[in-house]
Structure formats: structure tokens, C-alpha cells
Amino acid sequence: MHQSRFEEAHRADWQELDRLLNELEQRSHSTARKGSLERIPLLYRRVCGHYSLALRRYYTSGLVDRLHALILRGHRHIYKQRGQTLQELAAFCHSTFPLRVRKAWRYVVFSLLMFYLPALILGWCSYRDATFIYSLMPPERVAQMERMYDTTDLAAGETIVRDKETDFAMFGHYISHNISIGFRTFAGGMLFGIGALFALLYNGAIIGSVAGHLSHAPYAAAFWPFVAGHSAWELTAIALCGAAGLMLGAKLLQPGPYRRLDALRHSALEALQLVLGAALMLVFAAVIEAFWSAQPLPLPVKYGFSLANWVLVLLYLCTSGKNSHAA
């Protein structure tokens, strides 16, 4: 293609990218629609293609230099925006999320009680009576869990070990499983909070009863060292998802001077911030569960790591972001 025809075919893209970059450089975002600014990555990719063609076809240095300068400007702004996104994520984790948790402390405390009380009560019942769990779960499900932590055939001191490929596969499974539990708990708040409350009670009951049942030999030797490491992040995150759902339910039950839909909108941002932070905690829990929990390490190391995580979660949610402005 002749250079003049090439320029005529693509000049509009170059001019549009140049105009949008000028608006960014002059900090005049308000003069451009958000949809227009979102076109920058698409235009940037197109111009990169045009630049490559101009080099291969030996077009004039004036055109090549012009496209090269345009690409450099686009690259600088695109990756600057990515850096800002990372900074925003860091600010959210450091300040916005823990501040939101403390602001919603009444919902958080109530959610923790609704989650841990049935866990502790039914866990004790399952520990005292080995047959109690069958009133909550079918026998085949109980047998499946027992096989997972059965150390009967292992030699003294030997532990259940997974290979690295299995670790990566389980990492994906844990993320999917944990976040699905958290999201269902949160979404249950749309049923005037009843769904979130039920999810908290149900998950607490199941988790507690399983823990109590597997606290007997030959399962305890594998079960507790495995779950100890990631439990602080995972269990707390589930309770926070429940708190977010209860916030939505409370607004639906008592919308105040607003219509229920408007009251829901007003509380949605706060609730979603809780859920997003809890989701990040669940991802972190999945990392620990997949790559640490199954490692054959001494028990003092395992339980010391668990204690450190519980202290870290408590300090993080209670103190992080104190010097920042309220979310």
C-alpha cells in the first residue's frame, strides 16, 4: 500500500489517540467521556500494528517517528494507570477495608457469634458422641472425610503429602469453593438478612461438627495440622461476608425515610467493600491451604504459624489504617 493511502486509512485513529492522550496529559478528564478514555488501550494496540507495518514497508522517517512517539506516550499512560490501580488496591487493603470492618463492628460481632456459637456447640457434641455427626450429614459424606485424614496406614511420624501438581489443582479448587461459600453467605442478605443468617448458622454447624468428629484418632493427627494454618483467614472472611449480608438485610427491614431500593443502594458500597476484602482474605487462605497446609512440617511449626496468623488477622482488622481518614 502506498504511504499516502496508508496515512489516509489510519489517520483518524492516530488523531483520536493523540487527542485522548493530550486530555490525560492536561488532566482534563472531565472534558472527555469515560467511554472515550477507555478506548485508549484499543487505539494503542492499533497504532502499534500501524507502526510495525510502517517499519516493514520502509515508509518515511517522518511517519515512523510520529507513530513511535505516539506509542511511547500511550505506553507511558497505560502502564501508569496500571500502577495507580495497584496503589489503589494497596490502599484498599491497608486502610479502606479494615476501616470498613471497624465501622460495621456491630454486624461483624453479631455475624461472628452466629458463626462460632453453633460451631463450638456442635463441635463439642460431635467430639463427645462419635455418632452425632450422622444427624447432620449422610454416612457416605462422613466416610469420605474420614478417608481424607485417615493415618492408620502411615508409619509413625509420617504425614500425608501431595505433589506440586496436586497443590496447584487444589489451589484452584479452594478458591472456587471458598469464594462460593462467601458469596452465597453475602447474597443471602437480599432475603431480608434471613439467607445470610441461615448460611452463617449452617456453615458454623457443619464446620464445627466436622472438626469435633475428626478430633478423634486416627484423623486428628492429619486434620488439625492441615486446617490450622489457613483457618484464621478463611473463617474470619466467611463471617465478614455474613456481616455484609446482614447489612443489606437490615436496610431492607428498616429503610428509614428511603424506599427500600434506595436504602439498599446507600448501603451497597459499604457491604461490597466488606465482601471484596473478605474475598481477598479467602484467596490468601487458599494460597496457604494449597501450598503450606499439606507440607510435612513439625507440629510446633504448624501450630506456631497458625497462632501467628490469628494474631495477624486480629491486629490487621483492629488497627490497620488508624492513621487514615475514614472510608
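Quick caveat, the model's predicted, so the values are computed rather than measured.

*Asks:* Can you help me understand the overall build of the protein chain in this one?
*Replies:* Helix and strand content of the protein chain: eleven helices and zero strands. Along the protein chain, from the amino end to the carboxyl end, the secondary structure elements read α-α-α-α-α-α-α-α-α-α-α. In the protein chain, which comprises 327 residues, the share counted as buried stands at 43%. For the protein chain, long-range pairs separated by at least 24 residues make up 78% of all intrachain contacts whose partners lie at least 6 apart in sequence. Total accessible area computed for the protein chain in this model is approximately 18600 Å², and 64% of it derives from carbon and sulfur atoms.

*Asks:* Quick question: what am I supposed to make of the pattern of salt bridges here?
*Replies:* Close approach of charged atoms allows side chains with opposite charge to pair. Within the structure shown, the criterion is met by six salt bridges. Between Asp13 and Arg46 there is a salt bridge whose closest N-O contact spans 3.3 Å. Taken together, the residues span a long stretch of sequence, with Asp13 in helix 1 (residues 3–25) and Arg46 in helix 3 (residues 40–56) at a distance of 33 residues. Among the salt bridges present, the one from Arg100 reaches Glu270, with a minimum N-O distance of 3.6 Å. Note that Arg100 is positioned in helix 4 (residues 61–103) and Glu270 in helix 10 (residues 260–291), a separation of 170 residues in sequence.

*Asks:* I tried to follow the confidence of the model for the protein chain on my own but got confused; where do I start?
*Replies:* Detailed conclusions should not be drawn from predicted coordinates in areas where pLDDT is low. Averaged over every residue, the pLDDT of the protein chain is 85; residues scoring 70 or more account for 88%. Looking across the protein chain, the model is least confident in helix 2 (residues 34–37), with a mean pLDDT of 57, and most confident in helix 5 (residues 105–128), with 96.

*Asks:* Which parts of the structure should I look at to understand the nonpolar core?
*Replies:* One recurring pattern in soluble globular proteins: nonpolar side chains tend to sit buried together. Ranked by size, the top nonpolar core spans 36 residues in total, and within it Phe97, Val101, Phe186, Leu240, Leu274, Met281 and Leu317 carry the most contacts. When residues of this core are assigned to their parent elements, the largest contribution, 13 residues, is made by helix 9 (residues 220–253). In this structure Leu317 touches Phe97, Pro98, Val101, Arg102, Thr236 and Leu240, once residues within four positions along its chain are discounted. Leu43, Val47, Ala54 and Ile78 belong to the second largest nonpolar core, which has 19 residues in total.

*Asks:* What is the right way to read unusual backbone geometry from this model?
*Replies:* Glycine aside, residues mostly have negative phi, and peptide bonds are mostly found in the trans state. Cis geometry is found at the peptide bond from Ala217 to Pro218, where omega equals 5 degrees. Within the secondary structure, Pro218 sits in the loop between helix 8 (194–213) and helix 9. With a phi angle near 55 degrees, Tyr58 is a residue other than glycine that sits in the positive phi range. Along the chain, the position of Tyr58 falls in the loop between helix 3 and helix 4.

*Asks:* Mind showing me how you'd approach the packing of aromatic side chains here?
*Replies:* The description of an aromatic ring pair rests on the distance of the ring centres and on the angle between the ring planes. Inspection of the entire model under this criterion finds twelve aromatic pairs. Geometrically, the ring pair formed by Phe97 and Tyr316 is tilted, given 6.2 Å between the ring centres and 40 degrees between the ring planes. Linking Phe97 in helix 4 with Tyr316 in helix 11 (residues 299–319), this pair joins segments that are 219 residues apart in sequence. The class for Tyr316 is buried, based on a relative accessible area of 18%. Three or more aromatic residues link up through ring pairs in this structure, and these residues are Tyr149, Phe223, Trp224 and Phe226.

Rules and cut-offs
- Residues numbered from 1 in each chain as written.
- Predicted model: local features only at pLDDT ≥ 70, side-chain atom pairs only at ≥ 80, totals over all residues.
- Heavy atoms only, no water.
- Helix = DSSP H or I, 4+ residues; strand = E, 2+ residues; numbered from the N terminus.
- Buried < 20%, exposed > 50% of the residue type's maximum accessible area, 1.4 Å probe, protein only.
- Contact = heavy atoms within 4.5 Å.
- Areas by Shrake-Rupley, 256 points an atom, 1.4 Å probe, with all protein chains shown as cover.
- Salt bridge = Lys/Arg side-chain N within 4 Å of Asp/Glu carboxyl O.
- pLDDT = per-residue confidence, 0-100.
- Core = buried A, V, L, I, M, F, W, Y, C linked by side-chain atoms within 4.5 Å.
- Phe/Tyr/Trp six-rings, centres within 6.5 Å; stacked < 30°, edge-to-face > 60°.

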